[in-house]
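If you want the building blocks of each chain, they are given just below.
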Amino acid sequence: LKGVHTDFGAFAKSPMGSAAQDCINQAAKFFAEAMSKIPFDAAVVKVSDGKVIINRGSEHGVEEGIEMIMREEGELLTDPDSGEILGREEGKVLGRLKVSKVQEKISYCEVLEGEKNPAPGTLVTTK
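Residues numbered from 1 in each chain as written. Predicted model: local features only at pLDDT ≥ 70, side-chain atom pairs only at ≥ 80, totals over all residues. Heavy atoms only, no water.

### Thoughts on the pattern of salt bridges
The following threshold applies: Between Lys or Arg on one side and Asp or Glu on the other, a salt bridge is scored when a side-chain nitrogen of the former is within 4 Å of a carboxyl oxygen of the latter. In DSSP terms, a helix is any run of H or I states spanning at least four residues, a strand is any run of E spanning at least two, and both are numbered starting from the N terminus. Burial status follows relative accessibility: with a 1.4 Å probe on protein chains alone, a residue under 20% of its type maximum counts as buried, one over 50% as exposed, and anything between as partly exposed.
For the structure on display, the rule yields 6 salt bridges. As a salt-bridge pair, Glu73 and Arg88 come within 3.6 Å of each other at their nearest N and O atoms. Pair noted here: Glu73 is in the loop between β3 (67-71) and β4 (76-78) and Arg88 is in strand β5 (residues 85-88), with a separation of 15 residues, a long-range link. Among the residues examined, Arg88 registers a relative accessible area of 45% and is labelled partly exposed. The salt bridge partner of Arg96 is Glu113, with a shortest N-O separation of 3.5 Å. Placement of the pair is Arg96 in strand β6 (residues 93-102) and Glu113 in strand β7 (residues 107-114), with a sequence separation of 17 residues. The exposure class assigned to Glu113 is partly exposed, which follows from its relative accessible area of 42%.

### Comments concerning the sheet that holds β7
Sheet strands pair via backbone hydrogen bonds, and the direction of the pair is either parallel or antiparallel. The condition is simple: Two strands are counted as paired when DSSP detects at least two bridges linking them. Interaxial angle, 0 to 180 degrees, is taken between N-to-C directions of lines fitted to C-alpha atoms, where a helix line uses only the stretch in contact.
Read around the closed barrel, the 6 strands follow the order β1-β2-β7-β6-β3-β8; overall the barrel is antiparallel. Between one strand axis and the next, the sheet turns through 45° on average, direction left out of account.

### A short note on the side chain of Arg71
Definition in use: Any pair of residues with heavy atoms lying within 4.5 Å of one another is described as a contacting pair.
Turning to its location among the elements, Arg71 is positioned in strand β3. Not counting chain neighbours up to four residues away, the residues in contact with Arg71 comprise Glu90, Gly91, Lys92, Val93, Leu94, Thr122, Leu123, Thr125 and Lys127.

### Focus: the layout of surface pockets
The condition is simple: Cavities and pockets were defined on a 1 Å grid built from protein atoms only: a cavity is a group of points that admits a 1.4 Å probe but offers it no way out, a pocket is an open group of points flanked by protein on both sides within 12 Å along at least five of seven lines, and a lining residue is one with an atom within 4 Å of any such point. Grid points are joined across faces, edges and corners, and a volume is the space filled by probe spheres set on the points. Amino acids are sorted into nonpolar (Ala, Val, Leu, Ile, Met, Phe, Trp, Tyr, Cys and Pro), charged (Asp, Glu, Lys and Arg) and polar (every other residue, Gly among them).
Approximately 190 Å³ is the volume attributed to the largest pocket. In terms of lining, the largest pocket is formed by Asp41, Arg71, Glu72, Glu73, Gly74, Arg88, Glu89, Glu90, Gly91, Leu123, Thr125 and Lys127. Residues of the lining of the largest pocket, tallied by class, amount to 1 nonpolar, 3 polar and 8 charged.

### Section: the pairing of strand β1 (residues 41-48)
Across 3 bridges, the pairing between β1 and strand β8 (residues 123-125) is antiparallel. From the neighbouring strand, Asp41 faces β8, where its bridge partner is Thr125. In this sheet, strand β2 (residues 51-54) lies alongside β1 in antiparallel orientation, the contact comprising 4 bridges. Bridge pairing in β2 places Ser48 opposite Lys51. Hairpin connection from β1 to β2: 2 residues lie between these consecutive antiparallel strands, with Asp49 at a positive phi of about 50°.

### With respect to the nonpolar core
Which entries qualify depends on this criterion: For the purposes of this section, nonpolar cores are sets of buried Ala, Val, Leu, Ile, Met, Phe, Trp, Tyr and Cys residues that join through side-chain atoms within 4.5 Å.
If you look at the biggest cluster of nonpolar residues, it comprises 12 residues: Ala42, Val44, Val52, Ile54, Val62, Met68, Met70, Leu97, Val99, Cys109, Val111 and Val124. When contributions to this core are tallied by element, the ones reaching two or more residues are β1, β2, β3, β6 and β7. Residue contacts for Leu97: discarding those within four places in its chain leaves Val52, Ile66, Glu67, Met68, Met70, Cys109, Glu110, Val111, Leu112 and Val124.

Set out below in structure tokens:
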């Protein structure tokens, strides 16, 4: 297409371009806020100096002050007719945690109640 020229910079500076960018910004904010409310699962990495370290951090939406539950892994539920795995039963609650420090990929938690020294791999959930 010889001779066809587009100037996207001019569109960005136009009222329509500005309105489009505003919509994009509002949509991004809406999705970020909605994602922060979605429950997620994590696991204990280790316990260090009385703090439980989990394998989720800021890149997963973890924030200081979030309270979480430690659980045993529940029994795997299998359909007796088809053998299809249907999910897991909720495991026994082992205790509650509160996030006290967040890094990109990990978070440090204080034990509010229950198991003070959970084993690595212990399920941690926001539900």
